[in-house]
Amino acid sequence: MLAKITPVLCLVLSTVAASAAPCPADALGTARILSVDRSVLTVGRKHFPTTLPLAAKEVVLTFDDGPWPGTTPRVLDALARECVRATFFLVGRNAAAHPQLVRREAAEGHTVAHHTYAHPLLDHLRPEAAMAEIDRGMAAVETALHGHAATIPSAPFFRFPGFASSSPLLDRLAARGITVFGADLWASDWNPMTPDEQLHLVLDRLESAGGGIILFHDTKAQTAAMLPAFLRALKTRGYRVVHVVPANPKVAAK
Ligand SMILES: [Zn+2]
């Protein structure tokens with residue numbers, strides 16, 4: 001009896017394994033992992049003096065404002081098809097509303113980072129209120145990931161909504177060992193355009209910049225729609241994807 005069912009079990013197991021790792025031979029892939037330690041305070045030349053230590057034609061893919069049903073799953077599907085890993089800067093209230101998407105991002109190996117709770121422009125708030133907003137966002141994301149709140153996040157990476165930083169807030173985040181991400185180039189996907197227009201805009205900017213941290217929004221349908229073609233273009237044009245991770249990730253308490 002056992003001999004008869006074993007082949008069936010093997011077939012089922014191999015099917016499961018294949019569907020869990022559908023990485024084609026010509027996939028773009030993640031070229032390398034870059035650990036960012038807490039001594040790195042700010043990165044991204046759009047707003048700060050320096051950026052990550054990237055070589056020519058290396059890119060870091062970042063997505064802000066999610067997770068969002070309908071678009072974030074399409075972005076994750078596109079990344080999975082090309083076997084590339086990205087960094088998501090989450091809005092806490094979206095993480096609280098869609099915790100399964102936060103857990104999917106983490107389960108698929110992406111870096112889950114932080115972008116406040118409700119996306120206010122923090123330079124309009126008193127520093128205490130701004131820090132409370134940052135902490136509430138981190139707590140919501142950590143709760144989605146681990147089931148309990150924490151204001152020292154698993155990945156101590158933060159991006160200001162609208163890049164609206166201030167010196168007092170940068171000082172406070174630095175004191176807590178949190179790296180603030182800007183970007184080296186924007187997709188400008190807050191401006192409505194067709195997916196094809198979006199694709200050409202970001203590819204033109206990438207060719208001019210030669211690489212760097214790219215800012216997308218996984219809440220935007222035009223971005224989700226163009227991402228498969230964008231990742232294919234990275235492959236054919238010889239760009240390499242770098243995945244940023246925290247150097248010493250905090251182990252979540254049980
Ligand atoms: Zn944002």
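Everything that follows concerns the structure shown earlier in this document.
Residues numbered from 1 in each chain as written. Predicted model: local features only at pLDDT ≥ 70, side-chain atom pairs only at ≥ 80, totals over all residues. Heavy atoms only, no water.

Caption draft 1: View of the overall build of the protein. Summing up its helical and strand segments, the protein has eight helices and ten strands in all. Taken across its 254 residues, the protein has 48% of its residues classed as buried. For the protein, the proportion of contacts with a sequence separation of at least 24, taken over those separated by at least 6, is 77%. Carbon together with sulfur atoms contributes 60% to the accessible area of the protein, which is approximately 11,600 Å² in total. (Helix = DSSP H or I, 4+ residues; strand = E, 2+ residues; numbered from the N terminus. Buried < 20%, exposed > 50% of the residue type's maximum accessible area, 1.4 Å probe, protein only. Contact = heavy atoms within 4.5 Å. Areas by Shrake-Rupley, 256 points an atom, 1.4 Å probe, with all protein chains shown as cover.)

Caption draft 2: Examining the coordination of the zinc ion more closely. Taken together, the protein donors to the zinc ion comprise Asp-65 (OD), His-115 (NE2) and His-119 (NE2), at separations of 2.0 to 2.1 Å. Take His-115: its relative accessible area is 2%, and that puts it in the buried class. (Donors = N, O, S within 2.8 Å, 3.2 Å for Na, K, Ca; no water.)

Caption draft 3: Structural view of the side chain of Asp-218. Secondary-structure assignment places Asp-218 in the loop between strand 9 (212-217) and helix 8 (221-237). Among the polar contacts made by the side chain of Asp-218, one reaches the side chain of Thr-72 at a distance of 2.7 Å. Contacts of Asp-218, omitting those with residues within four sequence positions, involve Phe-63, Asp-64, Asp-65, Gly-66, Pro-67, Thr-71, Thr-72, Val-75, Phe-88 and Glu-105. (Polar contact = N/O pair within 3.5 Å; in protein donor to acceptor, adjacent residues only side chain to side chain.)

Caption draft 4: Highlighting the nonpolar core. Leu-61, Leu-79, Phe-230, Leu-231 and Leu-234 are the most contacted members of the largest nonpolar core, which has 35 residues in total. Those elements that place two or more of their residues in this core are strand 3 (58-64), helix 2 (72-81), strand 4 (87-90), helix 5 (127-146), helix 7 (195-209), strand 9 and helix 8. Among the elements that make up this core, the one with the highest residue count is helix 8 (seven residues). (Core = buried A, V, L, I, M, F, W, Y, C linked by side-chain atoms within 4.5 Å.)

Caption draft 5: Spatial organisation of the environment of Thr-116. Along the chain, Thr-116 falls in the loop between strand 5 (111-114) and helix 5. When the C-alpha atoms of Thr-116 and Pro-161 are compared, they prove to be 7.4 Å apart, with 45 residues separating the residues in sequence. For Thr-116, the residues in contact, after removing those within four places along its chain, are Leu-90, Val-91, Gly-92, Leu-122, Glu-133, Ile-134, Gly-137, Phe-158 and Pro-161.

Caption draft 6: Region of interest: the packing of aromatic side chains. This model, assessed by the stated rule, comprises eight aromatic pairs. With a centroid separation of 5.3 Å and an interplanar angle of 20°, the aromatic rings of Phe-63 and Phe-88 are classed as stacked. Residue Phe-63 is found in strand 3, and its partner Phe-88 is found in strand 4; the two are separated by 25 residues along the sequence. The pair Phe-63 / Phe-88 is uniform in exposure class, with both members buried. Aromatic side chains Phe-89 and Phe-181 sit 5.4 Å apart centroid to centroid with 55° between the ring planes, which places their arrangement in the tilted category. Here Phe-89 is found in strand 4, whereas its partner Phe-181 is found in strand 7 (residues 179-181), with 92 residues between them in sequence. Residue classification places Phe-89 among the buried residues on the basis of a relative accessible area of 0%. Chaining the aromatic ring pairs together yields one cluster made of Phe-63, Phe-88, Phe-216 and Phe-230. A cation over a ring is seen here: Lys-57 above Tyr-239, with NZ or CZ 4.6 Å from the ring centre. The ring centre of Phe-89 lies 4.5 Å from the NZ or CZ of Arg-159, which sits over that ring. (Phe/Tyr/Trp six-rings, centres within 6.5 Å; stacked < 30°, edge-to-face > 60°. Lys NZ or Arg CZ within 6 Å of the ring centre and 35° of its normal.)

Caption draft 7: Highlighting helix 8. Taking 1.5 Å per residue, 17 residues should reach 24 Å; helix 8 reaches 24 Å between its end C-alpha atoms and fits that length. The sharpest bend along helix 8 comes to roughly 45°, located at Leu-227, with the proline Pro-228 sitting one to four residues further on. Restricting attention to buried positions, one finds in helix 8 the residues Gln-222, Thr-223, Ala-224, Met-226, Leu-227, Phe-230, Leu-231, Ala-233 and Leu-234. Residues of helix 8 that are buried in the fold lie against strand 3, helix 2, helix 7, strand 9 and strand 10 (240-246). One or two positions beyond helix 8, positive phi appears at Gly-238, with a value near 85°. (Expected span 1.5 Å × (residues − 1). Bend = angle between axes of the 7 residues up to and from the residue.)

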